[in-house]
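# Fold and geometry: a report
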Amino acid sequence: MLVLCCADMHALGRSWMFVAASLAALPGCASRDSLGSSAVAVLGAGVINDPANKTLRFDILKFGLDSFCTEMLKGGAPLKFGDDEPVVGRFFADSCQSQVLDDDTHKSFVVQYSGKGYAWTNVTQRIGFTSRGVVEYATDFQLNDGAMYVYFRPRLIDGAAFQTTLVESARALGGLAVSGVNPNDLGKHIVESQLRRGFTVIRRDSSGAMDFALGLVPTGEIPFKPFEIERTNKQILANERTEVHIGQQDYVGAFEVTDSNQALYLTVALDGAPNADVLVVPKPVGDTLLDHYLQNAGGAALATPALLDDSATQAGGLWRRFVNVEPGRYYIVLDNSAQLGKTAPDTSARDDAAAKVDYVLLVGDRP
């Protein structure tokens, strides 16, 4: 992560320029740490190294197309500055349309998207934003030990409109005014750096088992997950790692529960901070919190009780809880502020004790 210290407004302006330039140079390279969750599906069985199997090839492209928009629309996609960096924010798509161009002269995959989100830098604190654009991806097939890796690499990023809704740091706003830098530039680079990452479809073997991952997963590897989960009769909704700075929150989801008599099962491992609050709220409540969070400094506060409101501690080891839920959609809110939950961070220290959170969320029958 970029670590920038600003002694005065002039230095702040230089730091802002450095951040923007660094983000503009970010490559969309392969990484062991994939962005987003893994969706598993099964396509029709077939021999994956048969060049004549054009139907299977098109089915895989179609699966990638459908999965991309499904993943974008079902929850906030994590944002990162680089492949090995922690999550710094999320993008919540409110529309996503895709099209496969598969003919003799042009083979690519086009996505048009719009949405909103937030990101954190040590210069600006939190940035809230809206964004829309069009991305064209080229495809690349590679085989490894019976598995097919299909890479969707960005060919063209066009019309990436970006509008800032919040720059949390008043000092950063003052520095921008002095330096003449447009605050939209940094946010636009953050979003475009994610689009440059592309995405990967992995067809494991001839049985048709498929994985989807945002980011380019190296051939022969699988998407990174912080928890190893053995056999379970529960559905895995998320298995990810994030980072929540002091005074900040992270909105994970919203996740859909379709059946009756179900419960959400949460496991959290915490590092970097003594504690962090973990809440479960219905989507309408979470949407209200998120909208406030994108436009106002500080954390958002609840007007009604959460379904689950508890605190994970670093000293307590793995934190495990469950909450019974009805069919619907739900956010997991990770809080390192004084506005939510039962704890508040120590703001007297000069260092930013960011909460590094590994979490896994499952849904299954009630206990």
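Further up the page is the structure itself.
Attention here is on the structure that accompanies the text. (Residues numbered from 1 in each chain as written. Predicted model: local features only at pLDDT ≥ 70, side-chain atom pairs only at ≥ 80, totals over all residues. Heavy atoms only, no water.)

Glancing now at the pairing of strand β16 (residues 355-365). Most of β16 sits inside the fold, with 9 of its 11 residues counted as buried. In terms of strand pairing, strand β9 (residues 235-244) meets β16 through 9 bridges, oriented antiparallel. Bridging from a neighbouring strand, Glu240 pairs with Tyr359 of β16. (Buried < 20%, exposed > 50% of the residue type's maximum accessible area, 1.4 Å probe, protein only. Helix = DSSP H or I, 4+ residues; strand = E, 2+ residues; numbered from the N terminus. Pairing = 2+ DSSP bridges.)

A few words on the pattern of salt bridges. Under the defined criterion, the tally for this structure stands at 8 salt bridges. Residues Asp291 and Lys116 are paired through a salt bridge, measuring 2.6 Å at the closest nitrogen-oxygen approach. Remark: Lys116 occurs in strand β4 (residues 107-121) and Asp291 occurs in helix α5 (residues 283-295); sequence separation between them is 175 residues. The exposure class of Asp291 is partly exposed, given its relative accessible area of 33%. Close ionic contact of Arg155 with Glu136 constitutes a salt bridge, the shortest N to O distance being 3.2 Å. (Salt bridge = Lys/Arg side-chain N within 4 Å of Asp/Glu carboxyl O.)

Before going further, it helps to spend a moment on α5. Its 13 residues place the ends of α5 18 Å apart at the C-alpha level, agreeing with the 18 Å of an ideal helix rising 1.5 Å per residue. Those residues of α5 that sit buried are Gly286, Leu289, Leu290, Tyr293 and Leu294. End-on, the buried residues of α5 take up no more than an arc of 130°, which puts them together on one face. Away from the buried face of α5 by more than 90 degrees, exposed residues Pro284, Thr288 and Gln295 are located. (Expected span 1.5 Å × (residues − 1). Arc of directions from axis to C-beta.)

Moving on: the sheet that holds β9. Pairing is antiparallel across the open sheet formed by 4 strands, whose spatial order is β9-β16-β11-β14. Of all strands in the sheet, those bounded by a partner on one side alone are β9 and β14 (319-325). Neighbouring strand axes in the sheet, compared pairwise and without regard to direction, differ in orientation by 20° on average. (Axes fitted to C-alpha atoms, helices over the stretch in contact; angles between N-to-C directions.)

It is worth spelling out the sheet that holds strand β10 (residues 248-257) at this point. Two modes of strand pairing occur in sheets, parallel and antiparallel, and in both the strands are linked by backbone hydrogen bonds. As summarised here, the arrangement of the 4 strands in space is β10-β15-β12-β13, forming an open sheet in which the pairing is antiparallel. Each end of this open sheet is capped by a strand with a single partner; those strands are β10 and β13 (308-313). Averaged over all neighbouring strand pairs, the angle between strand axes comes to 20°, with direction disregarded. When strand β12 (residues 275-282) meets strand β15 (residues 328-336), the two strands line up antiparallel, connected through 6 bridges. Looking at β15, one finds that Leu279 is bridged to Val333.

Relative to the helices and strands, Ser311 is located in strand β13. Its relative accessible area of 13% is what places Ser311 among the buried residues. In terms of polar contacts, Ser311 uses its side chain to reach the side chain of Asp277, at 2.6 Å. (Polar contact = N/O pair within 3.5 Å; in protein donor to acceptor, adjacent residues only side chain to side chain.)

Before going further, it helps to examine unusual backbone geometry. Between Gly253 and the following residue, Ala254, the backbone shows a cis peptide bond with an omega angle of 15°. Along the chain, Ala254 turns up in strand β10. Of note in this structure, Gln125 is not a glycine but carries a positive phi near 60°. With respect to the helices and strands, the residue Gln125 is situated in strand β5 (residues 125-144). With a relative accessible area of 26%, Gln125 lands in the partly exposed category. Despite not being glycine, Asn261 shows a phi value in the positive range, around 60°. Along the chain, the position of Asn261 falls in the loop between β10 and β11 (262-271).

Turning our eyes to something else, we now look at the packing of aromatic side chains. Two descriptors summarise a pair of aromatic rings, namely the distance from one centre to the other and the angle between the planes of the rings. Under the counting rule described, the total for this entry stands at 9 aromatic pairs. A ring pair is formed by Tyr251 and Tyr293, whose centres lie 5.4 Å apart and whose planes are at 55°; its orientation type is tilted. Taken together, the residues Tyr251 in strand β10 and Tyr293 in helix α5 connect sequence positions 42 residues apart. Here Tyr293 falls in the buried class, since its relative accessible area comes to 1%. Three or more aromatic residues link up through ring pairs in this structure, and these residues are Phe92, Tyr118, Tyr251, Tyr293 and Tyr331. For the cation-ring pair, Arg153 lies above Tyr151, with the distance from its terminal atom to the ring centre recorded as 4.9 Å. (Phe/Tyr/Trp six-rings, centres within 6.5 Å; stacked < 30°, edge-to-face > 60°. Lys NZ or Arg CZ within 6 Å of the ring centre and 35° of its normal.)

Remember, this is a structural readout, not a statement about activity or role.
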